[in-house]
Structure formats: C-alpha cells, structure tokens
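Survey of secondary and tertiary structure
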Number of protein chains: 2
Amino acid sequence: MTTYTPPVKDMSFVINDVLNIHKYSNLPGFADATAETIEAILEEGGKLASEVLHPLNKVGDREGCKRHDDGSVTTPTGFKDAYNQFREGGWNGIAFDPDYGGQGLPFVIAMALNEMISGANMAFGMYPGLAAGAANALHAHGSEELKRRYLPKMISGEWGGTMNLTEPHCGTDLGLLRAKAAPQGDGSYKISGQKIWISAGEHDLVENIIHLVLARIEGAPEGVKGISLFVVPKYFVGDDGSLGERNAVQCGGLEEKMGIHGNATCVMNYDEATGWLVGEENRGLNAMFVMMNEARLGVAVQGLAISEVSYQNAATYANERLQGRSLTGTKAPEKPADPIIVHPDVRRMLLEQRATIEGGRAWMLWAALQADLHAKSEDDETRRKADDILGLMTPALKAYLTDRGFWHASTALQVLGGSGYTQEWGMEQFVRDARIAMIYEGANGIQALDLVGRKLPREGGRAIQAYFGELDEFIADHAGADAELKPYIDGLVSAKADLVDATQWLMQNAFANPDNAGASSVDYLTLFSLTCLAHGWAQLARAAIAARGEGGDKSFFENKLITGRIFLERILPDAKSSLLKLKSGAEPLMAMKAEAFMAS
Amino acid sequence: MTTYTPPVKDMSFVINDVLNIHKYSNLPGFADATAETIEAILEEGGKLASEVLHPLNKVGDREGCKRHDDGSVTTPTGFKDAYNQFREGGWNGIAFDPDYGGQGLPFVIAMALNEMISGANMAFGMYPGLAAGAANALHAHGSEELKRRYLPKMISGEWGGTMNLTEPHCGTDLGLLRAKAAPQGDGSYKISGQKIWISAGEHDLVENIIHLVLARIEGAPEGVKGISLFVVPKYFVGDDGSLGERNAVQCGGLEEKMGIHGNATCVMNYDEATGWLVGEENRGLNAMFVMMNEARLGVAVQGLAISEVSYQNAATYANERLQGRSLTGTKAPEKPADPIIVHPDVRRMLLEQRATIEGGRAWMLWAALQADLHAKSEDDETRRKADDILGLMTPALKAYLTDRGFWHASTALQVLGGSGYTQEWGMEQFVRDARIAMIYEGANGIQALDLVGRKLPREGGRAIQAYFGELDEFIADHAGADAELKPYIDGLVSAKADLVDATQWLMQNAFANPDNAGASSVDYLTLFSLTCLAHGWAQLARAAIAARGEGGDKSFFENKLITGRIFLERILPDAKSSLLKLKSGAEPLMAMKAEAFMAS
C-alpha cells in the first residue's frame, strides 16, 4: 500500500544550489557532473527505487530470507531480478575508483542515490551497501594483488561483500574477539571462529561473496592491538578471475529479527577457511575503521531515507483521510468530513519530520562533499580539513539521523492511527526496519562516545576548531542578512554559542573525570547535530531566497522557507535543554550502586 | 527470556507513604485497606502476574489468536488456563460495587494491580480490562434491570465485555458513524453494521461476551447527537441468568497488527443483532465516555507497565553483559570486561526511564485516588473537585505515559544492542506492544486536544484553577523545605510558573484563532505532564526523606532520591523548550498548502 517518490528535486536543489558542487569542477570526476547529468542520474536511479525496489519492500518483510540445510540462503521473491537490474545499471560503482571499474563520479551523488535505494527498500539496499563498504576497505588497505583480484567484480555487482566483526560475546568491545588465524607459510591463513549478525552474510543474489573478517593471528597480543583483517572469499578466485572451489565458510543460521527481514542476518562459521591479510598484521581495526566509517554514513542515510518514505506516506494519508472538521470551520463542505491535514497537530507531526529531513539532507550531502574533498583535492590542507570535519560529522550523522528515522517512522505511523498499526498499510514495517539503524555499525551511544571521547580531543581539538571556523566564516558572510534570512543566522549563532559552551564544559570536566564525557555524550551529540542542522537550514534558506528571486518554481522555495521556520521554532529550542542536561554531569548517574538498578 | 518482578515495594510506598490513603478511612472500602491488606493483595496479584501471566507473554506474541471458519476465535496456548486462575482469584471485581459482586476496595489498589497485569502480559490484560470498562459503563448508565442481568457475571469474570465504536470510515470522528438500530416495539432494537478494531471482540476465555455498541436509531439526528449506546450480548441471557440462543453478532476477521498478537482485534459484524438501550436515546456518546475515560486510564497504565517491565529487563542485562571497561578504570578485574552498567550513558538510559516510571506511578495513583474521592466522598465539593482534576489528568496520563512507554521500551531495547533487536530476547515485543497504546482509546493528539479544547476551558477553567490551587497549597506547605527537599519544590515552582504562562498564552490566543489551541496542544500536554511529574516527585521525595529518618530500608529511600535528581536535572528541563515551542503557535503550521505536503 505504500509508495515511494524519489526526492529528486530536493536532492538536485541541495547538490546544485546549496552545495554548488560546480565550484569544484577541478576535482576528478566533478567536471562530468553537470546539473543535467546529476538530474538524469537521480531520475534514473529514482525510477529503479520507486518502480522496482519499493514494490518488493513488503514482500521482503513478509517472506524474509530462508536458510536451507546446505547452508545456502534464498532471498525473498523478486529480490534476485531486482538485483540484476540494479547490477546491470552499474549503480554499485557510481563513485568508485575508475581504475577498478568505477565511474568516479562525486560521492555526493552516490549518497543521494543511496538514500533513494534505502528509502525504497532498506533491506534490499544492504546487499550492495555492504559490498560497497567491503570494496572501500579493500581499496584503502588491500595490496594491489588483492585489489585486482576482487574489486572489479565487487564494483560491477557480480560479487557481494560483508564485514565480520561481532562474535557472541563481543560486539562493541572488539578487544574480546576470539576468531583465530593460523599462518600457512604461503601468505595465506586458516581462519576459524564464529561471527554473528553478519548482514548479507549468505544469499543468492551474487556468484561470490567476499568476506572481510577480523581475527587474531596466533601469538598476537591480547586486546584490540592483536586483531588483523582478512579477506575470505566464499569461492576461491583464480588468477584469471574464474571461480574455484568453495572455501570453508558457512552460514550456520539466520537471526529472527524485529525488522529488515528481507536482509539475511547470518551466523557465519569459519572452519579453517582460507583468507589473506588485508593491510598490516595486528592493524586490522585500523583497516576495518575505513569500512565502518563508510558504513556509518550508509546507516545515517538509512535513517534519513526511512524518515522520507514514512513522511511521504503519512502526508498522502493526511490529504486523503476524511475525519472531523477544521477547528476554524469546514474546509471541504462537499465532503462528509475534512481531510485530517486541516488539523494543526497533524501538520505539526508532518512538518517536524520534514524540517529534519530537509535540513538533514543538506547536512548529509555537505558531509559527503567533505569526503569528496578529502579523497580528491590536490591541496593537503583542504584534504586534511575535510577529513577532520567528516570524522566529526560521521558519528553525529549516524546517531542523530537514525534516532530521528525511528522517531519519524513512528510519528508517521501515528498520523494513520489504527491503520498505521496494522500490517496491511505498511507503516509499521518502517518502524521495525528503522529500529536497527540505531544499533548496528556501533550503537548510537557508542557514536556519542566516539564524538566526545575520540573525535573532539584528537589533535588538540583541531577538527571542532575547524568546524567552528567554518561556521564563523559563514556567519560573518551573512552579518547583514535581511529580515527573511536573519532568523536562520540568529539560530545558527545561538546554537553555535551553546555548542561552544558545551565544548568548554567538556574540556573542563571530562579530563578531571572521564565519566563526565560519557554522561554528557548523548546530549553533546544532540546539541552538535542541532547546530549542524541550523547550519544546513541557513544554507538552504539562503539558496531558496536566491533561487526564488531568479524566478524558478516559486512555491517550491516558499515551502522550503515555511519548513525552515518549523525547524527554527519547533526543533532548535531543544538545543538549550540539551545544554542544561549535559551540564548535570556524571555525579547523579554514578551515585546508585549497580545492583540497585535491578528489580527486587 | 524476559522476566517480570512486581514492583510491590514501590507501589506500597506510594499508596501508604506518599498518598497516605489511610487518611481516607472514612470512605467506603478504605477502612478494609490496611497497609498489611494492601501489601498482601499486591503480593498475591504480583505472583499471578509474574508466575502465570508473564511466561505467556511471548507465547501470545508468537502464536497470536486464530479465527475459525465459524467465526469463533481461539486465544494462544495457556491463556485460558491463566484466565481461569485470574477469574478464580476474583481479581476482576476488586474495586467494583459490592452490590453487584465486587469487593469495593479502593480504585487505587485496582490500578496498581492493573499495572502488574499489563506489565506481565499486556495482550492478556486487555481481555478482563475491556470487560471491566464495559461493566463500569453499564454500572453508570444502564437500567437496574440491565445491571442485574449482566454485571454480576462480568464482575465475576465469567463473562467478557467489549466497546464497539470504530467503523471503517470513522474512528476519531464518531459523527460519521453508520451502524443502525431499529426499535422492535418491545424495548429491544435490531442492531446492524460493521465495527472494526474491537479488542477482545471474540475469544474462548469466557462463556459469554457483553458488547456495548454505538449505533444510530432510525430517524435519529445526524452527527454525534444521534448516537445511542446498546448492550448486545453474544448469547442471550434468561431472567435466571442462564444462557440462551446465540445473538446475530459474529467476528468477521482478525486484524494483523504490529503487536499485542495475544489479543484478538476483531472485525465485528452485527446483522440484526438484538440489543437494548443503555441510558437515553441519542445520548450514547455521553454513556460511552464513562467507559472511554476508564479505558484511557487503563491505557495510561499500560504505558507505565511496559516502561517498568522493559526497564527491569534492561537493568538486569546491563548488570550481566560484560563489554568494555569503565572510563575511570577497571571495575571488575576478575572478569574479561566490566558489566556495561559501569558506563554513564547506560545508566542515563536506565535512570531516565526509572525517573519517569517512579514519578509517573506516583502521579497515576494520585489520580486514581481522585477517582475514589469522586466516587465515594460524601462531600459534594470534594467530589466535584476530584472529578474536575481527574478529568484534567486523564488525557495527560494517557498520552504522556504511553508516549514514554513506547520510548522506554525502545530505550530498553537499545541497552541490549543487537540482542534487543532479535526476537529471541523479547525486548522488541515490548516495543511493538507498547506502540498501540499511543493510538487506541483516542490517539495521543486527540488526548492533547481533549486537554486544551475541552478540559481546560470547561466551566471557565475551574479544573485547572483547582489544580493550580492544589499545587500552590503544596508549595506553601513546603516553603521552608531543607536543602534536600528544596530542589524538588523549586522544580515544581518553576514548572508550574511555565504552565501558568502557557495557560495564559492559550487563553489569549486560542479564542482568537482555534488553530492555536490545536497547534500548541501537544506541547501544552507535555508541559502539563512534566508539572504533574514534578508534583509527584516532590511528594515522593518528601515521603522518602521522612521514611528514611524513621529508619526503614535506608538504601530504598536513598535510591529514590538519586532517581529524583535525574528527573530534576535530565527530564524537567524539557518544560522550558515545550513552552518555547508552544508559543510558536499555528501560523507557521498552517502556512503551507495541503497538497504541498505531498511528494511530487
């Protein structure tokens, strides 16, 4: 019953007008990305998303994946055909290095496409998404030999990929990891151990699956400094690229989950499977971080994507469902009742979602542009700064957008009332699917710790200072903003001041007692994210005002500014309460004995 | 995998020490409720909840209910045996009028028991819960003849009961209702029409089901002023109480839902079924409101109950799961990692839940005491004031506690990370079950409208003035509070001032433009609820400080005060942002054209 309309116009507006990526045409691949090309790519990708992938979203939820006695896994009806279309369209390699078969277009465009695929069918999108993440890790850390052997077919979509971190007793704390790697003297290793919650670990969409696996080489140090990364193909690959024998890796079972039933979440058993080292011995976490950061951005996109699709369906329902009359008098006298969109609180639910979606999309694509700058700029300082800022943004994008994604899916369900709660309408699937994004690739609390404990203090706070510098420059550039733009600049100034205050509080208190960092981490992340959204909205508003003046689609830009006001008046006020909560610190949280938390 | 520990100690503390219900021993039934009796009842009811009902919670979710071709419905394995134990214990009539077989104990105690049943097994609790609601409506509005015929066996639990409001085209807007009632000239009516989402509409736990049905008598006015209420038994009941023939009412189908699979949500088809009028013609909504208000309190309790059970299981997990080390140094050197309860953010997640649960329980039971005062006081003024205040509290309790219930279930799931997302652990069921409570018995947005549009302005604001008077009296009584109690009084003073401000804003703006009431309703409800929680916490803190001084279980009271600080420092700050958002009013929400909400 649900539909998905690709937000092509909004994405084009952000990419062309807000980010103005044509300024960067000196970067490799950017010159090819004209406004027309971008729109054509988004249109084409959007068509695949809405017409091929979205109709399978409910099928995937209902059928789920099936594991057979031989360990093989079948995806839901229609997934394989859809995947073939996805592969044939070359969508997996859109932003990948042309040396290995990619198209080398800006990562910004890949992120926008990714949003459409995840919005249309999140469970489906994870199959190519994991392959892309594995390919990026191999690209960054693998030897040229490994890259040549595996990357082209991963990029073409002929092969899949996975990341294998979690074991039954260790998820967040990888130092406890037990999987073993025994060197064979020929450069290969025998990998043994059990990995759990491996998304897309085994399935029937591709000929081969390239697993990236964390394991401990015999004799390696304990803890995180003794972990290495290995590539373990499902089928061995000959020097000519042909598939050989089956490796000793098997799917031992599928997890029964709350949602994303269309994706196979596997228990993977490695029983002396042959693997090859990626990067250096005992530096596996370092290599895996490339994949995790990439994956975190992918999960952030899922949060945004589910927000969008659930918003769209709630908005349609609100325009169609007749129930009650407007408080200010009948609006549709020819009908037995007014559509519920006449009610301010229904609009509130919708507009609060939309304000975060549109601001979030501007924020996310701005961050994606930093990834492009980091990867492609010829200027060291630009590259370094972009990497610093992207590092800071990644945990916030992941945690904030997925928290909101779940909340938005739930609010969209609420717009439908009882219908939202029934399986028939499809809204409750969005809630169940969205929930995992708050957990995987590092639970959102871990993202907050990553932000305050790792990204903030690194290099004496270089990244946050760089970001504050960006904001100050933006604010200074708009000091004389007119009455229409001024509230956005004021909102940004206020949020930034709160964030500076919070950052100083952290510096003063977290060193004395590290628990203060943990205690305030989530509030800090919220305040940080609201500041980023305020920045995003100020950029959106500026571009909308400018574009409207040039006589485009006036109502599109007017609606953008209405939505922006909702952000300023109904979402940004949470910045102040986040700051207050943050300053309450660790003491009250740590006062109670651990056992007193339990019921007695 | 989940467990349920009845919070008997906390309930006893609220009932005996905070509310001090022994002050009311002049009310009928209260003299019997000594502290010992209360504890014995709660212990016994808690045993049923934890040992009989909770083990069936997951079974109910997995199996769901089954409808057979003859329209009969089978509940999940074990539900019938459990129901028989529930019935034999006489739990359904604990607070009901002794004239019809009830025990006449305080409603406060029934509410506490209700929390335990809903916490242990929400889907199960709805079967007797709906019967109790139907019995209350019949008790309030039915003729003596109807009451004698139906009430005793509904109260004994031999028969069930339902409420039939919703039709496919009308849920919130009952004015559109189409079910018909044709008078037969003998005092009976033939009822025809389809009702949907009828909880416990058909099942195998009881011999007979007494349906309360809204329908339109032929020739009645259109809209809500032409709706009457009827009692329609599944089996006719002879004058001697014996069961006769089957009435023409059938379950036409079961709804497939996100959760509460253990409860049968029925499509009910009335095909010239015989019914009898309850109360006056065309005054059916009035009669049904008794049931709805009762039911809304029951749903509020579900929110609290799911908060409690999900908190408990998350707290246990956090004490057992070993992962990572404390930021301030190893706490469990003998183990491979520290339990995750050492992390401030894990504690934050747990304590924020707990602070709302404990404050919410004090608030809810205080409201239940108003119901007792309304029903039983001999003083007109006391009765009227109690009814006013309960009317004000009901929508806020319903909306706030169910919003939080869902949020808490989700946060508790988060504490378990990936395990929380798998079906095996049982946490995700709490999320799915909790979600419906935000919708049924009036979606939470409707509750907010009820609060600002109906309860606030009624009788010139008599109810809110009475409540402000209560708060002022409490604040004056504690003007000289010591350093330990003072922050709670200060918090209450501040929240109340914000609420007064918001109330004045509403008075000034909602009359000029009713959309301002709708626009600010949810923020008003949030601010109102935070004020009620601040009141609850001030009462809890006062009682804890006093009881601790008397040398009881010191750590119980100390932990209460630690939890209270979390409320003051991490939850109450949202009052200010609610006030800010509220004042943004209707204008930005109404600015966009309806069709512009839809994707294009």
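Remember, predicted model here, so these are calculated numbers, not experimental data.

Conventions adopted
Residues numbered from 1 in each chain as written. Chains lettered and ligands numbered in written order. Predicted model: local features only at pLDDT ≥ 70, side-chain atom pairs only at ≥ 80, totals over all residues. Heavy atoms only, no water. Helix = DSSP H or I, 4+ residues; strand = E, 2+ residues; numbered from the N terminus. Rg over C-alpha atoms; globule rule 2.2 N^0.38 Å. Buried < 20%, exposed > 50% of the residue type's maximum accessible area, 1.4 Å probe, protein only. Contact = heavy atoms within 4.5 Å. Pairing = 2+ DSSP bridges. Axes fitted to C-alpha atoms, helices over the stretch in contact; angles between N-to-C directions. Parallel < 35°, antiparallel > 145°, perpendicular 65-115°, else oblique. Nonpolar A, V, L, I, M, F, W, Y, C, P; charged D, E, K, R; others polar. Buried area = accessible area lost by both parts, 1.4 Å probe. Salt bridge = Lys/Arg side-chain N within 4 Å of Asp/Glu carboxyl O. Polar contact = N/O pair within 3.5 Å; in protein donor to acceptor, adjacent residues only side chain to side chain. Least-squares fit on C-alpha atoms with pLDDT ≥ 70 in both. Patch = residues over 30% accessible without salt bridge, like charges linked within 9 Å, V, L, I, M, F, W, Y side chains within 5 Å. Areas by Shrake-Rupley, 256 points an atom, 1.4 Å probe, with all protein chains shown as cover. Lys, Arg positive; Asp, Glu negative; His and termini not counted. Charge placed at Lys NZ, Arg CZ, Asp CG, Glu CD. Core = buried A, V, L, I, M, F, W, Y, C linked by side-chain atoms within 4.5 Å. Arc of directions from axis to C-beta. Phe/Tyr/Trp six-rings, centres within 6.5 Å; stacked < 30°, edge-to-face > 60°. Expected span 1.5 Å × (residues − 1).

1. Side note on the overall build of chain A
The helix and strand inventory of chain A stands at 19 helices and 11 strands. Against the globule reference of 25 Å for 600 residues, chain A gives a C-alpha radius of gyration of 24 Å, in line with a compact fold. Its C-alpha atoms put chain A at 80 × 65 × 60 Å along the principal axes. Counting only residues that meet the buried cut, chain A has 64% of its 600 residues in that class. Intrachain contacts of chain A at a sequence separation of at least 6 include 74% that bridge at least 24 residues.

2. Looking at the pairing of strand E9 (residues 243-246) of chain B
All names here are of chain B. Alignment of strand E8 (residues 235-237) against E9, held across 2 bridges, turns out to be antiparallel. Considered in E9, the bridge of Tyr235 is made with Arg246. Here E8 folds back onto E9 in antiparallel fashion, the turn holding 5 residues, of which Gly241 has a positive phi close to 90 degrees.

3. Notes on the pairing of strand E4 (residues 180-183) of chain A
All names here are of chain A. Here E4 runs beside strand E5 (residues 188-199); their pairing, made up of 4 bridges, is antiparallel. Across the sheet, Pro183 pairs through a bridge with Tyr189, a residue of E5. In this antiparallel pair of consecutive strands, E4 and E5, the connection spans 4 residues, and Gly185 shows a positive phi of 80 degrees.

4. So, the packing of helix H2 (residues 35-53) of chain A against helix H4 (residues 79-88) of chain A
Residues and elements named next belong to chain A. Interaxial distance between H2 and H4 falls to 11 Å at its minimum, and their mutual angle equals 170 degrees. Relative to H4, H2 is oriented roughly antiparallel. On H4, the residues touching Leu48, Val52 and Leu53 of H2 are Ala82, Gln85 and Phe86. Of the residues belonging to the contact of H2 with H4, the class tally is 5 nonpolar, 1 polar and no charged.

5. A look at the interface of chain B and chain A
Taken together, the contact pairs 99 residues of chain B with 99 residues of chain A. Sorting the residues of chain B by area buried against chain A places B:Tyr421, B:Arg570 and B:Phe597 first, and these three jointly supply 10% of that buried surface. Linking chain B to chain A there are 7 salt bridges. With its nearest N and O atoms 2.8 Å apart, the salt bridge here joins A:Arg570 to B:Asp523. Between the two partners, chain B and chain A, sit 49 residue pairs in polar contact (both at pLDDT 80 or more). Its residues placed into classes, the side of chain B that touches chain A shows 44 nonpolar, 30 polar and 25 charged.

6. A closer look at the relation of the copies chain B and chain A
Taken together, a rotation about one axis and a shift along it account for how the two chain copies relate. The operation relating chain B to chain A is a screw motion whose rotation component is 180 degrees, with 0.0 Å of axial translation and a residual RMSD of 0.0 Å. Those values place the two copies in the arrangement expected of a two-fold rotation axis. No C-alpha of chain B approaches the rotation axis more nearly than that of B:Ser577, which lies at 3.3 Å. A share of 100% of interface residues in chain B that are also interface residues in chain A marks the association as one of identical surfaces.

7. Quick notes on a negative patch on the surface
Negative charge collects at one region of the surface, where A:Glu36, A:Glu39, A:Glu43 and A:Glu44 lie side by side. Turning to its location among the elements, A:Glu36 is positioned in helix H2.

8. Details of the packing of helix H9 (residues 344-376) of chain A against helix H17 (residues 554-571) of chain A
Residue and element names in this part refer to chain A. The geometry of H9 relative to H17 is characterised by a closest axis approach of 8 Å and an angle of 100 degrees between their N-to-C directions. Comparing their axes, H17 and H9 come out roughly perpendicular. Facing Arg348, Leu351, Glu352, Arg354, Ala355, Thr356 and Glu358 of H9, the residues of H17 in contact are Asn559, Lys560, Thr563, Ile566, Phe567, Arg570 and Ile571. Grouping the constituent residues of the contact of H9 with H17 by class yields 5 nonpolar, 3 polar and 6 charged.

9. Observations concerning the nonpolar core
Counting 436 residues, the largest nonpolar core has A:Tyr524, A:Phe528, B:Tyr524 and B:Phe528 as the members making the most contacts within it. Residue contacts for B:Phe528: discarding those within four places in its chain leaves B:Leu392, B:Met393, B:Ala396, B:Leu451, B:Ile464, B:Tyr467 and B:Leu499.

10. Section: unusual backbone geometry
The backbone phi angle of A:Glu272 is positive, close to 55 degrees, even though this residue is not glycine. The class for A:Glu272 is partly exposed, based on a relative accessible area of 48%. With a phi angle near 60 degrees, B:Ala200 is a residue other than glycine that sits in the positive phi range. Its location among the elements puts B:Ala200 in the loop between strand E5 (188-199) and strand E6 (208-217).

11. Section: H4(A)
All names here are of chain A. What H4 keeps buried is the set Phe79, Ala82, Tyr83 and Phe86. When H4 is viewed along its axis, its buried side chains cluster within an angular range of 100 degrees and face the same direction. Looking at H4, the residues exposed on the side facing more than 90 degrees away from the buried face are Asp81 and Glu88. Looking at the packing, one finds that the buried side of H4 touches H2, helix H3 (57-63), helix H5 (107-120), helix H6 (122-141) and strand E3 (159-164). Positive phi shows up at Gly90, right after H4, with a value of about 70 degrees.

12. Quick notes on the packing of aromatic side chains
All names here are of chain B. All told, the structure shown has 36 aromatic pairs over all chains when counted by the stated rule. With 6.3 Å between their ring centres and 50 degrees between their planes, Tyr83 and Phe124 make a pair best called tilted. Placement of Tyr83 in helix H4 (residues 79-88) and of Phe124 in helix H6 (residues 122-141) is noted, with a sequence separation of 41 residues between them. On the basis of relative accessible area, Tyr83 is assigned to the buried category, the value being 2%. Accessibility expressed as a relative area gives 0% for Phe124, which makes it buried.

13. Let's talk about the environment of B:Ser584
Residue and element names in this part refer to chain B. With respect to the secondary-structure elements, Ser584 resides in the loop between helix H18 (574-582) and helix H19 (587-590). Residue Ser584 is classed as buried on the basis of its relative accessible area of 14%. Once the C-alpha coordinates of Ser584 and Asn516 are considered, the two residues, 68 residues apart in sequence, prove to be 9.0 Å apart. Polar contacts involving the side chain of Ser584 include one to the main-chain carbonyl oxygen of Lys581, which spans 2.7 Å.

14. Considering helix H9 (residues 344-376) of chain B
When the terminal C-alpha atoms of H9(B) are compared, their 47 Å separation across 33 residues agrees well with the 48 Å that a helix rising 1.5 Å per residue should span. Within H9(B), 30 of the 33 residues are buried, which leaves the element mostly enclosed by the surrounding structure.

15. So, the environment of B:Met268
Residues and elements named next belong to chain B. By secondary structure assignment, the location of Met268 is in strand E11 (residues 265-278). We classify Met268 as buried; its relative accessible area is 1%. Taking the C-alpha atoms as reference, Met268 lies 8.3 Å from Trp197; in sequence the two are 71 residues apart. Residues in contact with Met268, not counting those within four places in the same chain, are Asn164, Gly193, Gln194, Lys195, Ile198, Gly201, His211, Val249, Gln250 and Cys251.

16. Things to note about the side chain of A:Lys496
Mapped onto the secondary structure, A:Lys496 falls in helix H15 (residues 486-510). A:Lys496 has contacts with A:Phe468, A:Leu471, A:Asp472, A:Ile475 and A:Thr531, leaving out every residue within four places of it along the chain.

From the geometry alone we can't say anything about function, so treat these as descriptive.
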